Structures are given as structure tokens and as C-alpha cells.
Amino acid sequence: MRNLSKVTALALLMSLSGVAFTAPALAAPDYAKIEARKKAKTKVMGERVGKKVIKAFDLYNEEKLDEAIALLKEIDPSDEFDKATVDRYLGQMYAQKEQYQLAIKHIAAAVQPDVLNFADQEQGLKLLGDMYAGTEQYAKAKEAYAAWMDFTGEEDDKVYTRIAQANYELKLFKDVLPAANKAIELAKEPAKAAYQLKLAAYFELKQYKNMVGVAEEIVRVWPEDKKAWVGLGKYYLQTEDFKKGLATMEVAYKNGYFENEVEYKVLSNFYSLNDIPYKAAVVLEKAINEEKVKRNKQNISAVASNYHRSKDIEKAAKYYEEAAKFDDDAELYRKAGSLLLQSQNYSAAVVRLNKAIELGSDKKGTIYSDLAEAYYYQEKYKQAYNAITKAMDDPRTRKFAKSWSTFIKDKAARNGVKI
């Protein structure tokens with residue numbers, strides 16, 4: 001009945017594309033039976049039922065979907081084929097209304113007796129799988145997809161991807177892999193969904209080396225995919241392959257693939273882990289100044305630490321002090337003061353070291369020792385002696401402080417300063 005051709009197409013229009021599902025063990029398709037079904041004479045509805053169905057589709061074409069459904073529901077076919085056909089159309093229309101439970105009920109009833117014409121039966125089985133998947137009935141979705149493969153004798157990459165997704169949703173992570181691999185094998189054009197399911201499954205199975213292998217393949221197949229490069233770089237952290245991680249993140253950085261602050265921080269960390277602290281500091285500093293990374297204590301401290309490791313003392317001191325100001329961190333003020341002392345900026349060192357004392361640092365012996373040195377090199381011998389005397393109160397610096405106190409006192413005397 002040519003008037004019903006539009007309805008046959010509905011199954012494809014209403015398929016829930018993008019939803020994905022583990023196939024149970026499939027019985028071997030009976031190819032002789034499949035060929036016989038394909039060659040069988042096309043069945044048509046009885047005249048009485050056919051007229052009512054045509055009228056229902058006239059209403060459907062007038063966008064009177066509820067009226068069309070109501071008319072189809074009034075039909076009470078006695079013939080098994082007619083009943084299955086009416087159920088099929090009802091299922092498709094309910095699916096269009098997004099009433100999926102009713103749609104499933106009618107599509108399942110349509111395919112159960114296996115009396116539809118070959119194309120309608122295979123479309124119904126696949127649609128049923130899609131609708132089960134869309135309503136999170138993943139085990140039933142797998143059964144429907146398995147039935148579709150048995151019925152048609154066909155294998156389809158998209159169906160295998162949906163089976164893989166169903167396995168993932170059911171937490172059958174090991175079963176994701178063969179279905180995803182089959183999807184990749186069958187695909188005429190590579191599709192990312194199957195690869196991404198493999199990635200996710202390997203992650204859940206904690207098989208990080210295998211996960212990296214999949215991520216490397218994604219980059220080879222889709223070299224223009226920005227997220228693939230960044231993702232691969234992050235995955236190398238899991239396998240502690242810091243050299244490859246750095247090389248990958250550098251490619252992503254130089255090509256402008258970064259989209260959030262985590263990526264800048266990962267690159268900075270890779271430089272640090274590869275003993276290139278200067279670049280670690282510069283990359284993060286630049287990202288902070290360009291407002292791509294938050295200017296907070298943690299990030300500023302990381303910049304300071306990497307400049308410190310790279311022996312850029314003045315910049316390290318600057319950033320330690322900036323980090324300290326976020327919450328009056330005594331230890332960071334101490335570090336700033338100590339580095340300023342190393343760079344012979346004695347007066348500035350005194351200010352930061354005294355700030356650390358004021359904020360209650362628990363490293364008083366070390367701070368007073370540094371203060372003594374800063375005062376000493378400014379020829380402020382009395383202040384230097386006073387500081388080193390206080391350093392003697394700390395058991396950790398007492399021995400050093402005693403020897404220094406004598407030295408400072410002698411130096412002061414030689415310069416005419418009485419202590």
C-alpha cells in the first residue's frame with residue numbers, strides 16, 4: 001500500500017540516534033531462513049484495516065497526531081499481520097510524541113510474533129533497541145540489538161557502538177571492549193564514540209597504559225582534534241610518562257588548544273617533573289597575567305617555587321611575598337626574606353623577615369639568624385647581635401648562633417661599635 005510509505009520512514013526519523021548499548025551471546029543467524037524471508041511475497045493489510053490506517057495517516061499528515069493515534073487504537077484487527085502492523089504504527093507515533101513507554105509496548109508487540117515484512121521487522125527490532133536504550137533499559141536494549149543481528153544476519157558499527165555503551169552503563173567494563181573494537185573494525189569512516197568508550201572502559205579498569213594507547217590512536221586518526229591532544233597529555237600523567245606528556249602538551253599549547261586553566265597547570269607541572277623549572281614558572285606566570293589561570297595563593301606559590309628551583313631568586317622572592325599576602329602566611333614571608341638576603345637586598349629582607357616574626361612563625365631561630373646576617377652586612381652590628389642572641393633561644397640554631405655572636409661582637413669592636 002503505497003500510501004503508507006511515509007510511515008515506514010518514521011522508524012528512521014524517530015530512532016534515538018547517539019544513544020549507545022553488551023550484546024549477549026548471539027545465536028548463529030540462519031542465513032537460509034533470512035534469504036527466504038527477504039524473498040517472501042510482500043504482505044498487505046486487509047481492506048477494512050487498510051482503509052482505517054490510510055485515514056489515520058491522512059490525519060497524521062495534517063499534523064493531527066493525537067487524532068491519528070485515537071483512530072489507530074479503535075482498530076481491532078483479527079489478523080495477526082494486521083495487528084502487528086497497527087502496533088508498529090502506534091509505536092512510531094507514540095515515539096514521535098516522546099511517550100516512550102507506550103511506544104515500547106506497541107513496538108514490542110509488533111515484532112514479537114515475527115509476522116511483519118522483512119524490512120519492517122528489522123526496523124522495528126532496531127527501533128526497539130534504541131528506545132530501550134533511550135529509557136535506560138540497557139539489558140533489554142542489548143537483547144533487542146542481538147535479535148536484530150540474528151534476524152538480519154548483519155553487523156553494523158553503530159549497533160555495536162550502542163552495545164558497547166550499554167555495557168558501560170551497566171558497568172560491564174570488560175565487555176565494552178570487544179563491542180567497541182567490532183564497531184571500529186566495521187566502520188567505513190572512523191567514529192570517535194567507539195574509541196571514547198574504550199578510553200572510558202580502560203580508565204574504569206585502571207588499565208592506564210591501554211588507555212594511553214587508545215588516546216594515541218585518536219590523535220593519529222583525528223590530528224586536528226584539540227581535546228584529543230590535551231586529553232592524551234593528561235593521560236600520560238597516569239602512566240608517569242612525563243617526557244611524552246610534556247611533548248604532547250607543548251604541541252597543544254603552541255597550537256592554541258588549551259581551553260581551561262587545568263591545561264596550563266598540567267603543562268607547567270610537566271616542565272617541573274622534567275626538571276625544567278624555569279619554563280614551568282614562565283608558562284604559569286604568563287597564563288596568570290593573561291587571566292587564563294586564577295591569580296590565587298596556590299598558583300602564585302607554584303610560580304614562586306619554580307623560580308626558586310631555577311635560581312631566579314628575585315622573582316621567586318617577589319612571588320613568595322605576593323602569595324603570602326593572600327592570608328598573611330608567615331612561612332612564605334620567611335622564604336621571601338631569605339631569598340632577598342641571598343640576593344643581597346638586605347633592607348628589603350629585614351622587612352619580610354620581621355613580618356614573618358610578627359605573624360608568629362615557628363621557625364624563629366632561622367629567621368633571627370637571617371636577620372642577624374642582613375643587619376650585619378648593613379653594618380648594623382647592634383641589631384645583628386640582638387638578633388643572633390634571640391636565635392640562641394632556638395635549639396635548632398643555638399650552636400650556629402653562638403659562634404656567630406662572637407664573630408659579630410668582634411667585628412663591631414673593630415669598627416668602634418660597643419655592644
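These numbers come from a predicted model, not from an experiment.

Engineer: Before we move on, could you go through the packing of aromatic side chains and cite the residues and values that matter?
Structural biologist: Inspection of the entire model under this criterion finds 19 aromatic pairs. Aromatic side chains Y376 and F407 sit 5.6 Å apart centroid to centroid with 45 degrees between the ring planes, which places their arrangement in the tilted category. With a gap of 31 residues between them, Y376 in helix α21 (residues 364-377) and F407 in helix α23 (residues 398-414) connect regions that are remote in the sequence. Arranged with centres 6.1 Å apart and planes meeting at 40 degrees, the rings of F400 and W404 form a pair that is tilted.

Engineer: Tell me about the UniProt feature "repeat: TPR" (unreviewed entry) in the protein, residues and numbers included.
Structural biologist: According to UniProt, the feature "repeat: TPR" (unreviewed entry) maps to residues 330-363 in the numbering used here. Across residues 330-363, the secondary structure splits into 76% helix and 0% strand, with the terminal C-alpha atoms separated by 9 Å.

Engineer: Which residues make up helix α7 (residues 118-134), and what values do they have?
Structural biologist: With 17 residues, α7 should reach 24 Å at 1.5 Å per residue; the first-to-last C-alpha distance of 24 Å fits that figure. The element α7 is largely enclosed, with a buried count of 14 among its 17 residues. Of the residues trailing α7, E136 is marked for its positive phi of about 65 degrees.

Engineer: Residue-level account of the nonpolar core, with values.
Structural biologist: Grouped together as the largest cluster of nonpolar side chains are 126 residues, with contacts concentrated most on V53, L72, M93 and L371. Looking at which element gives the most residues to this core, the answer is helix α5 (residues 80-96), with eight residues. The residue makeup of this core includes at least three contributed by each of domain 1 (41-148) and domain 2 (362-418).

Cut-off values and rules
- Residues numbered from 1 in each chain as written.
- Predicted model: local features only at pLDDT ≥ 70, side-chain atom pairs only at ≥ 80, totals over all residues.
- Heavy atoms only, no water.
- Phe/Tyr/Trp six-rings, centres within 6.5 Å; stacked < 30°, edge-to-face > 60°.
- Helix = DSSP H or I, 4+ residues; strand = E, 2+ residues; numbered from the N terminus.
- UniProt positions renumbered as here; feature names shortened; annotations may be inferred.
- Expected span 1.5 Å × (residues − 1).
- Buried < 20%, exposed > 50% of the residue type's maximum accessible area, 1.4 Å probe, protein only.
- Core = buried A, V, L, I, M, F, W, Y, C linked by side-chain atoms within 4.5 Å.
- Domains from an automatic or database assignment.

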